[in-house]
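One letter stands for each residue in the lines below.
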Amino acid sequence: MTVGLPRRILSGVVASAVTAVVRRASDAQAPGGQVRWTRTNHRGEPISLLEGPAVAAGLLAGGLVGAPSSRGALALTVATASGAAFGLVDDLGEDTATRRKGLRGHLGALAHGELTTGGLKVLGIGSGALVAAAVATPLQRPDGTRRSAIGWLADVAASGALVASSANLLNLLDLRPGRALKAATLVAAPLSLGPGGGAGAGAAVLGVVGAAMQRDLAEADMLGDGGANALGATLGTAVVLSAPRPVRLAALAVVVALTVASEKVSFTRVIERTPVLRDIDGWGRRPVDPPADRSA
């Protein structure tokens with residue numbers, strides 16, 4: 001089921017407006033106070049995590065407006081809300097003294113019976129992704145015949161893995177100002193213009209990017225796990241709603257390959273060594289301060 005152009009536009013407008021309103025309101029009444037949401041960025045400067053809840057709210061609102069059906073709306077809501085909720089748990093509840101990094105670190109802790117906030121996030125987002133995939137995957141073929149149980153379960157497993165791994169990958173990119181938002185735009189733009197059922201969700205992603213980009217590039221805000229996981233989960237669900245099985249499997253292979261590579265290779269170093277990627281990554285960002293001249 002396709003989403004008409006007027007609803008795509010409305011989805012983007014609603015997502016942008018809700019993101020901006022929630023972010024503005026949170027400045028006055030941040031839950032637990034501003035200090036709870038303040039972290040230190042790569043420059044050693046304070047930065048706010050309040051962008052994350054604002055982006056998640058915009059995605060939820062825009063996703064509902066632009067959903068192709070009630071099933072699509074429920075799938076987007078479950079995936080986005082799971083990404084946001086469990087990401088925020090990790091943002092606000094992580095024990096920095098025993099911090100684990102990457103999927104390997106969190107899964108290793110789980111294997112030894114230790115449930116970190118990161119491990120809880122993996123389980124929670126994974127479960128939400130499977131539920132969203134089950135809701136989004138029809139039980140019948142386009143011709144009306146009933147699908148086999150094995151075929152349906154295989155599709156649900158692959159789609160759930162795509163949603164969960166997309167949520168994780170966007171979070172891995174949220175290491176420099178604007179990087180995750182730019183990556184989300186590259187995926188959302190063709191989705192929003194395409195004929196699939198995820199077009200409205202793609203437009204919602206573009207809307208929240210438009211609302212959040214300025215403060216993100218200015219290094220006043222960052223997505224954090226809550227915002228980045230929600231954004232990735234929405235994109236993954238949009239692909240599930242839009243793409244045929246071969247495209248979904250190809251997307252899953254790419255996302256998993258990048259995730260595995262991230263355990264061995266620094267995305268930041270690869271980007272800095274690749275001129276085109278470096279230029280895109282640095283667009284709109286404050287320049288890196290040159291090292292101080294100690295010879296004076």
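Residues numbered from 1 in each chain as written. Predicted model: local features only at pLDDT ≥ 70, side-chain atom pairs only at ≥ 80, totals over all residues. Heavy atoms only, no water.

1. A look at unusual backbone geometry
Part 1: Positive phi, close to 65 degrees, is recorded for Glu219, a residue that is not glycine.
Part 2: Positionally, Glu219 belongs in the loop between helix H8 (199-217) and helix H9 (224-242). (Helix = DSSP H or I, 4+ residues; strand = E, 2+ residues; numbered from the N terminus.)

2. Considerations on a nonpolar patch on the surface
Part 1: Taken together, the side chains of Val89, Leu115, Leu120 and Leu123 present a nonpolar region at the surface, about 320 Å² in accessible area.
Part 2: Of note, Leu120 is situated in helix H5 (residues 117-136). (Patch = residues over 30% accessible without salt bridge, like charges linked within 9 Å, V, L, I, M, F, W, Y side chains within 5 Å. Areas by Shrake-Rupley, 256 points an atom, 1.4 Å probe, with all protein chains shown as cover. Salt bridge = Lys/Arg side-chain N within 4 Å of Asp/Glu carboxyl O.)

3. Overview of the nonpolar core
Part 1: Residues Leu59, Leu181, Val205, Leu223, Leu231 and Leu235 are the most contacted members of the largest nonpolar core, which totals 50 residues.
Part 2: Mapped by element, the contributors of at least two residues to this core are helix H2 (51-66), helix H3 (70-93), H5, helix H6 (149-173), helix H7 (179-193), H8, H9 and helix H10 (245-262).
Part 3: Beyond its immediate chain neighbours, meaning those up to four positions away, Leu231 contacts Leu59, Leu170, Ala180, Leu181, Ala184, Val205, Val208 and Leu223. (Core = buried A, V, L, I, M, F, W, Y, C linked by side-chain atoms within 4.5 Å. Buried < 20%, exposed > 50% of the residue type's maximum accessible area, 1.4 Å probe, protein only. Contact = heavy atoms within 4.5 Å.)

4. A few points about the confidence of the model for the chain
Part 1: Confidence along the chain averages 90 in pLDDT terms, with 90% of residues attaining 70 or more.
Part 2: A low-confidence stretch, residues 291-296 (pLDDT under 50), is modelled with zero contacts involving residues beyond four sequence positions or located in other chains. (pLDDT = per-residue confidence, 0-100.)

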